[in-house]
Amino acid sequence: MAEGDNNIQMEWRVHLARSQPRRTAYTIGAILLCCGIVFVASSNILLAGICGLLLAAALGEFLFPIHYRIDEKGVHMRNLLSFRFLPWSDVRRCYRGPSGIKLSPLRNRSWREAFRGIHIWLPADEQERVVDLIRALRSSQGISIKDEPTDTTVENDSNTDTR
């Protein structure tokens, strides 16, 4: 992790596949099985390759390392296949779950939350430091971190946006 001198900043990398070797083996096996089924059904190696690429892209957050950066502007998340940025001004809800912190741009819980916002996987050795940094950056804007995702987690009363 690196911390900037002039601004509050933290950077780290999480590789879920490396930390869960059994699940990684099952995942890669399932991808290869699907590619094999597509190849046997279609006799087309290109179609089987496209199937493998699509499955790897869908599982990219698990298979490839995720790089996080938190600074005074917001949270940056990138991996091999994607880049996402969520500015602090767009964060409406923030809660801590068993695997990390979810920053959501939605005021209320919804099925859309799985596709919006950023889930921050916390490194085991730096969990409290990351949580403290997010609290420090968010306290000036009226959002705090809750421990459970409940319907009463809305913390930002100054914004009336109901995206």
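Now for a description of the structure that goes with this document. All residue numbers refer to position in the chain's written sequence, counted from 1. The predicted origin of the model limits local features to residues at a pLDDT of at least 70 and limits the giving and counting of side-chain atom pairs to 80 or more, whereas totals for whole chains, interfaces and linings rest on all residues. Values shown for side chains rest on all heavy atoms present in the structure; no hydrogens or waters enter the calculation.

**Quick notes on the side chain of Thr27**
- With respect to the element layout, Thr27 can be found in helix α2 (residues 21-42).
- Accessibility here uses a 1.4 Å probe with only protein chains present; expressed as a share of the type maximum, an area under 20% marks a residue as buried, one over 50% as exposed, and anything in between as partly exposed. Overall, the relative accessible area of 14% leaves Thr27 in the buried class.
- Within 3.5 Å is the distance limit for a polar contact, defined as a pair of N or O atoms, with the added protein rule that one can donate a hydrogen and the other accept it, and that residues adjacent in sequence qualify only through two side-chain atoms. Only 2.7 Å separates the side chain of Thr27 from the backbone oxygen of Arg23, close enough to count as a polar contact.
- Any two residues whose heavy atoms approach within 4.5 Å at even a single point are treated as in contact. With near-sequence residues (within four places) excluded, Thr27 lies in contact with Leu59, Phe62 and Leu63. Put simply, DSSP marks the helices as runs of H or I at least four residues long and the strands as runs of E at least two long, and each gets a number from the N terminus on.

**Quick notes on the nonpolar core**
- As used here, the term nonpolar core means buried Ala, Val, Leu, Ile, Met, Phe, Trp, Tyr and Cys residues forming a set that is joined through side-chain atoms within 4.5 Å. Core analysis: the biggest nonpolar cluster contains 30 residues, and Ile70, Leu103 and Ile120 have the highest contact counts within it.
- In terms of residue count, the dominant contributor to this core is helix α5 (residues 127-139) (five residues).
- With residues up to four places along the chain from it excluded, the contact list for Leu103 reads Val75, Leu86, Trp88, Val91, Arg93, Cys94, Gly117, Ile118 and Ile120.

**Here's the deal with the sheet that holds strand β3 (residues 74-78)**
- Reading across the sheet, the four strands line up as β1-β2-β3-β4 and stay open at both edges, with antiparallel pairing between neighbours. Only two strands of the sheet have a single partner each, and these edge strands are β1 (10-14) and β4 (83-87). Neighbour-to-neighbour, the strand axes of the sheet open up by a mean angle of 15°, direction not taken into account. Should DSSP find at least two bridges between two strands, the strands are regarded as paired. Axis definition: a line fitted to C-alpha atoms, over the contacting stretch in the case of helices. Angles run 0 to 180 degrees between N-to-C directions.

**As for the pattern of salt bridges**
- Whenever Lys or Arg places a side-chain nitrogen within 4 Å of a carboxyl oxygen from Asp or Glu, that contact is recorded as a salt bridge. Counting across every chain of the model gives two salt bridges.
- Where Arg69 meets Asp71, a salt bridge forms, and the shortest distance between an N and an O atom there is 3.5 Å.
- For Arg69, a relative accessible area of 28% puts it in the partly exposed group.

**Some thoughts on the sheet that holds strand β7 (residues 118-121)**
- In spatial order, the strands read β5-β6-β7; together these three strands make up an open sheet with antiparallel pairing. In this open sheet, the two strands that pair with only one neighbour each are β5 (93-96) and β7. Along the sheet, successive strands turn relative to each other by an average axial angle of 15°, direction set aside.
- One ladder, built from four bridges, connects strand β6 (residues 100-104) with β7; its direction is antiparallel. Each residue of the ladder has a partner; that of Leu103, found in β7, is Ile118.

**Describing the packing of α2 against helix α3 (residues 45-58)**
- The geometry of α2 relative to α3 is characterised by a closest axis approach of 8 Å and an angle of 155° between their N-to-C directions. Judged by the inter-axis angle, α2 sits roughly antiparallel to α3. Of the two possible hands of crossing, α2 and α3 adopt the one that is right-handed. Contact residues: α2 offers Ile31, Cys34, Cys35, Val38, Phe39 and Ser42, while α3 offers Ile45, Leu47, Ala48, Cys51, Gly52, Leu55 and Ala56.
- By the convention adopted, Pro, Cys, Tyr, Trp, Phe, Met, Ile, Leu, Val and Ala count as nonpolar, Lys, Arg, Asp and Glu as charged, and the other residues, Gly among them, as polar. Taken together, the residues of the contact of α2 with α3 break down into 11 nonpolar, two polar and no charged. Note that the term roughly parallel is reserved for angles under 35 degrees, roughly antiparallel for angles over 145, roughly perpendicular for angles of 65 to 115, and oblique for everything else. Two helices that cross are described as forming a left-handed crossing if the nearer one is turned anticlockwise from the farther one by less than a right angle, and a right-handed crossing if clockwise.

All we've got here are geometric facts, nothing functional implied.
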